[in-house]
Amino acid sequence: LIAFLLYLFYLVPPIGQLVQGGVQLQQGLAAMKRIKEIEDLPAEPVSAAVAGTGEPVGVTFQDVVFKYGDDRPTVHDGVTFEVPPGGLTALVGPSGAGKSTVFALIERFYDHQKGLITVGGRDIRDWPLGELRAALGYVEQDAPVLAGTLRENLLFAARDATEDELLRAVARTRLDDLVDRLPEGLETPVGHRGVLLSGGERQRVAIARALLRKPRLLLLDEATSQLDAVNELRLREVIAEVAAETTVLVIAHRLSTVTNADRIVVMEGGGVRAVGTHESLVGEDELYRELAATQFLVG
Ligand code: ATP
């Protein structure tokens, strides 16, 4: 039962993440509550069934219409775009454009009302929920570091991972330097009762944790926190490397991410306004140009 609860707990992001307009304090409290809940759980391995395996999968949205409730405004009003398997696709657009809602629909926290969503070429409604979520990796914005050692943080959702897999995930996410620097390496306690990690390190820990589950599609809500040049470069390298092996769909807040993306989907006003590369969109799309000039450069 505990393993099942842990499984559910890992797959369902904090409610606060789904509630637009939640203030940072609420998010902080939710994260603290979450950490506390995890601390209170006895250590027990998560079932191997949690881990996904297999080839990268693509995603399509075709004329997707969605609102959060009958009395709520329409968020997606005919959203259409395609994410081919493998590579890096970035979602951009002004606040409220419905980017996080794309993630919520892919994870099936909500069901769309009209249109078609496919994952791996299969109608999302035909996927057994556990199988779908096992295929997805999700890295939330400002992901919390859990109480415990760095190793426990990394293996939280993939206790069956081998030492080689763990070390590979550490290397792929450029966490080697951190491990070298920590007094007890991977066995060093981190989080609020241990060594505090920087925003960039926290996000890379979250990516490593997600990679250990071998996702076929990684959903990454990029942290908005400022990163120093070294952390910015590392994050860019990590995303590029992961995108060489699996499908990465990122809600992008950084210019370095969008300039490296294979394709960028610009969302606005309930739909998709443009799709292209950074170069093509700077030339063709006024909103994108504005976003690049403000959001990404200062974001
Ligand atoms: P941001 O960049 O600010 O995160 P976004 O593009 O990700 O914005 P969404 O978070 O998808 O946009 O929100 C789109 C709309 O849906 C907003 O009007 C928001 O208030 C609403 N919304 C988002 N989540 C929920 C929810 N769980 N319940 C009700 N309404 C929601």
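Notes on the structure follow. Everything numeric here is computed off the predicted structure, so don't read it as measured data.

## Notes on the sheet that holds strand β10 (residues 247-251)
Hydrogen bonds between backbone groups are what pair the strands of a sheet, and the pairing can be parallel or antiparallel. The strand order β6-β9-β10-β3-β11-β12 describes an open sheet built from 6 strands, whose pairing is mixed. Single-partner strands in this sheet number two, and they are β6 (136-139) and β12 (271-276). Here the average twist between neighbouring strands, direction ignored, is 20 degrees. Here 5 bridges tie strand β3 (residues 87-92) to β10, and the two strands are oriented parallel to one another. Across the sheet, the residue bridging to A90 is V250, located in β10. Together, β3, β6, β9 (217-221), β10 and β11 (263-268) form the strand contacts of helix α4 (residues 99-106), whose direction differs from that of β9 by roughly 145 degrees.

## A word on α4
Of all 8 residues making up α4, 7 are buried, and the element is well covered by its neighbours. Of all the positions in α4, only K99, S100, T101, V102, F103, L105 and I106 are classed as buried. Directly beyond the C-terminal end of α4, a positive phi value near 60 degrees is found at R108.

## Looking at the nonpolar core
Side chains that are nonpolar tend, in soluble globular proteins, to be buried together. In this structure, A90, L91, A208, L217, L219, V248 and V250 are the most contacted members of the largest nonpolar core, which totals 70 residues. Per element, the largest residue contribution to this core is 6 residues, and it comes from helix α9 (residues 199-211). Non-local contacts of L91, meaning those with residues more than four positions away in its chain, are made with K99, V102, L249, I251, A252, V265 and M267.

## Digging into unusual backbone geometry
One non-glycine residue, R108, lies in the positive phi region at around 60 degrees. In this structure, R108 sits in the loop between α4 and β4 (114-119). On the neighbour-count criterion, R108 (17 C-beta atoms within 10 Å) is partly exposed.

The rules behind these values
- Residues numbered from 1 in each chain as written.
- Predicted model: local features only at pLDDT ≥ 70, side-chain atom pairs only at ≥ 80, totals over all residues.
- Pairing = 2+ DSSP bridges.
- Helix = DSSP H or I, 4+ residues; strand = E, 2+ residues; numbered from the N terminus.
- Axes fitted to C-alpha atoms, helices over the stretch in contact; angles between N-to-C directions.
- Contact = placed C-beta atoms within 7 Å.
- Buried ≥ 20, exposed ≤ 12 C-beta atoms within 10 Å, placed from the backbone.
- Core = buried A, V, L, I, M, F, W, Y, C linked by C-beta atoms within 7 Å.

By themselves these figures say nothing about function.
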